[in-house]
Amino acid sequence: MNTIEELWSQRAKDYWSRAIRYLRLIGNSGFLFTIYLSIIAGSYYYSELLKWLPEWFPAALFLAAITAVFVTKSPLRTFLKSADVVFLSPIEGKLQAYFRFSFFYSFIVQSFVITFVIVLLTPMYRHFIVDDASSLIFVIVVLLISKGWNLIVQWEEARLLFLGIRQAHTLMRFVVNLTLTYFLFSGASIYFIVALVIMKGLLLLLYYQHLKQQHSLKWEVLIEVEERMVMFFYRIANMFTDVPKLSTKVKQRKFWSSIPNLLTFNQTSTFPYLFLKSFIRANDYFGIYIRLTIVAIVFLFYVQIDYGRIFVALLFLYMSALQLSTLMKHHNLNLWIDLYPIDVEVRKKAFSSVVFSLLLIKVSIFTLFTFLATNLTEALFVLVLGFVFSYLYSYFYMNKTSQS
């Protein structure tokens, strides 16, 4: 094994040694129990959802759109670091083996993801399209071939300098992939599918090879893609433990950022203001909070079993509470926080009040939509149980975990 191959292997090993430590912490938390409950409940409601969907539901288009997204999104995992711009870019011509390892690694990992997605979609496929295992195997094979094509062409697209041009290429690939997947799920003639695969091959040979000859590798783009994937995993791990390497991204959000300004201007409002600002602007706390709320609302309307909406509301409330609990650690590495002349206990109470307020907003939303979907009795259960859970989690469980 030469030095370049050893470099890739060592970097992959270093990453997974860190990742496994975080995965163990996640596994030892109560999160796995939540997943088990979600799988049990989801399997039941999935079958109920299929019965509830009308015959005219555009299943082929829905399946095509979902799979096209996963096929199109094909970043290459390179394990590059920021210093490589200086130390590796001068020997770019000798790194073919390094990037070849990256391609096969990315293809294997993303192939598992594609297969997992198809397994999840299999009940809908067999319910609406055709109840035939052999045709499903053919679908998986074509999707994996398409995944390999997307990995190669997205790698070549990283040579383009401007983000807008790269996004336009991604959109073009999505349209091509959507067409292919729609042919697969709509039962189109195999000749159409073969023709589209051949067209993708010609695009690779004629257009993307030309792109490769005209543009050099953009190391800054490759490193940005790698750091984005690493930070995605670290943000998940940060929900369960401190992740020192987690970098912070700040978004403006002018409208929502003005909400903390409504707090009283005094010393006791310092940390509520700070935590609210961080929740709205930093990383993706706000985005995940909104997405979980939207998904929960959809489930509240789909669930048909008696008092099943109560379970859904409490489950998503718990998931949101887990996500919000990481906000406490967001400023741990900022030394200037310790300069504030405010007691640690006051800081903890401020965090508990912010989490409690955010959870109460969700409880109110879940109560409203439960009432719209069913009746007042079930809505009152959601309101009372949600309030009790939010209070106990914010003021008892959070204080207990922060002391441990």
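Analysis parameters
- For every chain, the first residue of the written sequence is number 1, and numbering continues from 1 onward in sequence order.
- It should be noted that, the model being predicted, local features are given only for residues of pLDDT at least 70 and side-chain atom pairs only at 80 or more, the latter also being counted only at that level, while totals for whole chains, interfaces and linings use all residues.
- The side-chain quantities take in all heavy atoms of the structure and omit both hydrogens and water.
- Under the scheme used here, helices are H or I runs from DSSP no shorter than 4 residues and strands are E runs no shorter than 2 residues, and both carry numbers assigned from the N terminus.
- Here the term buried applies to any residue with accessible area under 20% of the maximum for its type, exposed to any over 50%, and partly exposed to those in between, with areas from a 1.4 Å probe on protein chains only.
- UniProt positions are given in the numbering used here, feature names are shortened, and annotations may be inferred rather than shown by experiment.
- We define a salt bridge as a side-chain nitrogen of Lys or Arg found within 4 Å of a carboxyl oxygen belonging to Asp or Glu.
- Stacked, tilted and edge-to-face are the three classes applied to pairs of Phe, Tyr and Trp rings, where Trp contributes its six-membered ring and a pair requires centres within 6.5 Å; stacked means planes under 30 degrees apart, edge-to-face means over 60, and tilted covers the rest.
- Sitting over a ring, as applied to charges here, requires NZ of Lys or CZ of Arg to be within 6 Å of the ring centre and within 35 degrees of the ring normal.
- For a helix, the expected span equals 1.5 Å multiplied by the residue count minus one.
- The angle separating two fitted axes, one through the seven residues that finish at a residue and one through the seven that start at it, defines the bend at that residue.
- Any two residues whose heavy atoms approach within 4.5 Å at even a single point are treated as in contact.
- Polar contact criterion, stated in full: a pair of N or O atoms within 3.5 Å, where within protein one must be able to donate a hydrogen and the other to accept it, and residues adjacent in sequence count only if both atoms are side-chain atoms.

By the naming in an unreviewed UniProt entry, the protein goes by ABC transporter permease and is assigned to Anaerobacillus alkalilacustris.

What to know about the environment of I26
Take I26: it is sitting in helix α1 (residues 3–28). Exposure remark for I26: the relative accessible area of 10% places this residue in the buried category. Expressed as a C-alpha distance, the spacing of I26 and I236, which sit 210 residues apart in the sequence, is 9.1 Å.

Side note on the UniProt feature "transmembrane region" (unreviewed entry) in the protein
Taken from the UniProt record, the annotation "transmembrane region" (unreviewed entry) applies to residues 21–44, 56–76, 97–121, 133–153, 285–304, 310–329, 350–373 and 379–398. Here residues 97–121 is 100% helix and 0% strand, with 36 Å between the C-alpha atoms at its ends. In residues 350–373, helix accounts for 100% and strand for 0%; the two terminal C-alpha atoms are 35 Å from one another.

Some thoughts on the pattern of salt bridges
Here the structure, examined in full by the defined rule, presents 6 salt bridges. Salt-bridge contacts for R11 lead to D84; the nearest nitrogen and oxygen are separated by 2.6 Å. Within this pair, whereas R11 is found in helix α1, its partner D84 is found in helix α4 (residues 84–87), the two being separated by 73 residues in sequence. Like D84, R11 is buried. Of the charged contacts, one joins E378 and R309 as a salt bridge, the two residues approaching to 4.0 Å between their closest N and O atoms. Of this pair, E378 sits in helix α15 (residues 376–403) while R309 sits in helix α13 (residues 308–325), placing them 69 residues apart in sequence. Neither residue differs from the other here; E378 and R309 are each classed as buried.

Considering the packing of aromatic side chains
Tallied over the entire structure, the rule returns 27 aromatic pairs. Between F57 and F62 the ring centres are 5.8 Å apart and the planes differ by 55°, which places this aromatic pair in the tilted class. Between W149 and Y208, the aromatic rings sit 6.4 Å apart at their centres with planes inclined by 90°, giving edge-to-face as the arrangement. Here the residue W149 occupies a position in helix α6 (residues 133–157), and Y208 occupies one in helix α8 (residues 190–214), the gap between them amounting to 59 residues. As far as the burial class goes, W149 and Y208 line up, both buried. Ring pairs connect the aromatic residues W8, Y15, W16, Y22, F79, F101, Y105, F233 and Y234, which therefore count as one cluster. Across the ring face of Y15, the terminal group of R77 is positioned such that the distance to the ring centre comes to 4.2 Å. The cationic tip of K362 hangs over the ring face of Y289; the distance from NZ or CZ to the ring centre is 4.5 Å.

Looking at α13
Given a rise of 1.5 Å per residue, 18 residues ought to cover 26 Å, and the 26 Å separating the end C-alpha atoms of α13 matches this to within 8%. The buried fraction of α13 is high, at 14 of 18 residues.

Some thoughts on helix α5 (residues 96–129)
Look at α5: only 43 Å from first C-alpha to last across 34 residues, short of the 50 Å you get at 1.5 Å a residue. The sharpest bend along α5 reaches about 50° and sits at L121, with the proline P123 one to four residues further on.

Some remarks on the side chain of T293
With respect to the helices and strands, T293 occurs in helix α12 (residues 285–302). Excluding its chain neighbours within four sequence positions, the residues that come into contact with T293 are K362, I365 and F366.

Considering the environment of E156
Considering the arrangement of structural elements, one finds E156 in helix α6. Sequence spacing of E156 and L211 is 55 residues, and the spatial spacing of their C-alpha atoms is 7.0 Å. In this structure the side chain of E156 is engaged in a polar contact, spanning 2.7 Å, whose partner is the side chain of R159.

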